[in-house]
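In case you want the letters, here they are:
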Amino acid sequence: MGSALSRLDVNYVPETVTRSVKLLVAGNFGVGKTTFVSSVSEITPLRTEETITEASIGIDDMAGLGSKTETTVAMDFGRITLNPQLALYLFGTPGQQRFVPLWEELARGALGALVLVDTRRIERSDEVLSVLEERGVPYSVAVNAFEGAKRFPPEEIRDALDLTPETPLTVLDARDRGTCLQSLVTLVEFLFHRQESLL
């Protein structure tokens, strides 16, 4: 049978997987969430990007975003098998305030969130962290080290974001699969230890 469906490269979850976890990849507008999901996903990621139009003028703050021409309008979705037994389903949230109701829906059933931060616009992260805290979603923070951005000691970043001592803080390059995976591993370990402590 030569149907189009039979020619698709379908990438099923390995049979060894016994546990799956839903995670959010959150952060403010233009922080690198779509790039992150694309870097780590073992399947072709679902992306819902649209061209930024003049209608966003005065609504979306484009300061510091260079030549950004597209934005996520629903979500990004990807999957990574972290080890033979564990699959992570990643849901990248849109970054603009007007999409907060969508974040709430995406957060349903999520074990936790990885919050990406851009130190050039660190104050914009407060809103995202507040939304997660209000909804009781545990999170870790990962600084996306953009080229040309000033590097800060972890203690200064923690102070600027008012993070608790137990909140994991990592640094990554959203284009680099290795650093992205390490941040995911740190988040998952934090979430599993947190669950065990609540039992």
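Above this text sits the structure in question.
Now for a look at the structure at hand. These numbers come from a predicted model, not from an experiment.

Ranked by size, the top nonpolar core spans 22 residues in total, and within it Leu23, Phe36, Leu88, Leu90, Leu116 and Leu184 carry the most contacts. Elements with a contribution of two residues or more to this core: β1 (19–26), α1 (33–40), β4 (86–92), β5 (112–117) and α5 (177–198). Here this core gets six residues from one element, more than from any other, and that element is α5. Apart from the residues within four sequence positions on either side, leucine 90 is in contact with Leu23, Val25, Phe36, Val40, Asp76, Phe77, Gly78, Ile80 and Leu184.

Together, Asp126, Glu127, Glu133, Glu155, Glu156, Asp159 and Asp162 give the surface a local cluster of negative charge. Among the elements of the structure, α3 (125–134) and α4 (154–161) are those that each provide at least two residues to the negative patch.

To continue, consider the packing of aromatic side chains. For the structure shown, the criterion picks out two aromatic pairs. Ring centres 6.1 Å apart and planes at 15 degrees place the aromatic pair phenylalanine 77 and tyrosine 89 in the stacked group. Here phenylalanine 77 is found in strand β3 (residues 70–83), whereas its partner tyrosine 89 is found in strand β4, with 12 residues between them in sequence. In this structure tyrosine 89 comes out as partly exposed when scored by relative accessible area, which is 23%. Each residue in the set Phe77, Tyr89 and Phe91 is aromatic and connected to the rest through ring pairs, giving one cluster. Note that lysine 22 overlies the ring of phenylalanine 91, its terminal NZ or CZ placed 4.9 Å from the centroid.

About the cut-offs
Residues numbered from 1 in each chain as written. Predicted model: local features only at pLDDT ≥ 70, side-chain atom pairs only at ≥ 80, totals over all residues. Heavy atoms only, no water. Core = buried A, V, L, I, M, F, W, Y, C linked by side-chain atoms within 4.5 Å. Buried < 20%, exposed > 50% of the residue type's maximum accessible area, 1.4 Å probe, protein only. Helix = DSSP H or I, 4+ residues; strand = E, 2+ residues; numbered from the N terminus. Contact = heavy atoms within 4.5 Å. Patch = residues over 30% accessible without salt bridge, like charges linked within 9 Å, V, L, I, M, F, W, Y side chains within 5 Å. Areas by Shrake-Rupley, 256 points an atom, 1.4 Å probe, with all protein chains shown as cover. Salt bridge = Lys/Arg side-chain N within 4 Å of Asp/Glu carboxyl O. Lys, Arg positive; Asp, Glu negative; His and termini not counted. Charge placed at Lys NZ, Arg CZ, Asp CG, Glu CD. Phe/Tyr/Trp six-rings, centres within 6.5 Å; stacked < 30°, edge-to-face > 60°. Lys NZ or Arg CZ within 6 Å of the ring centre and 35° of its normal.

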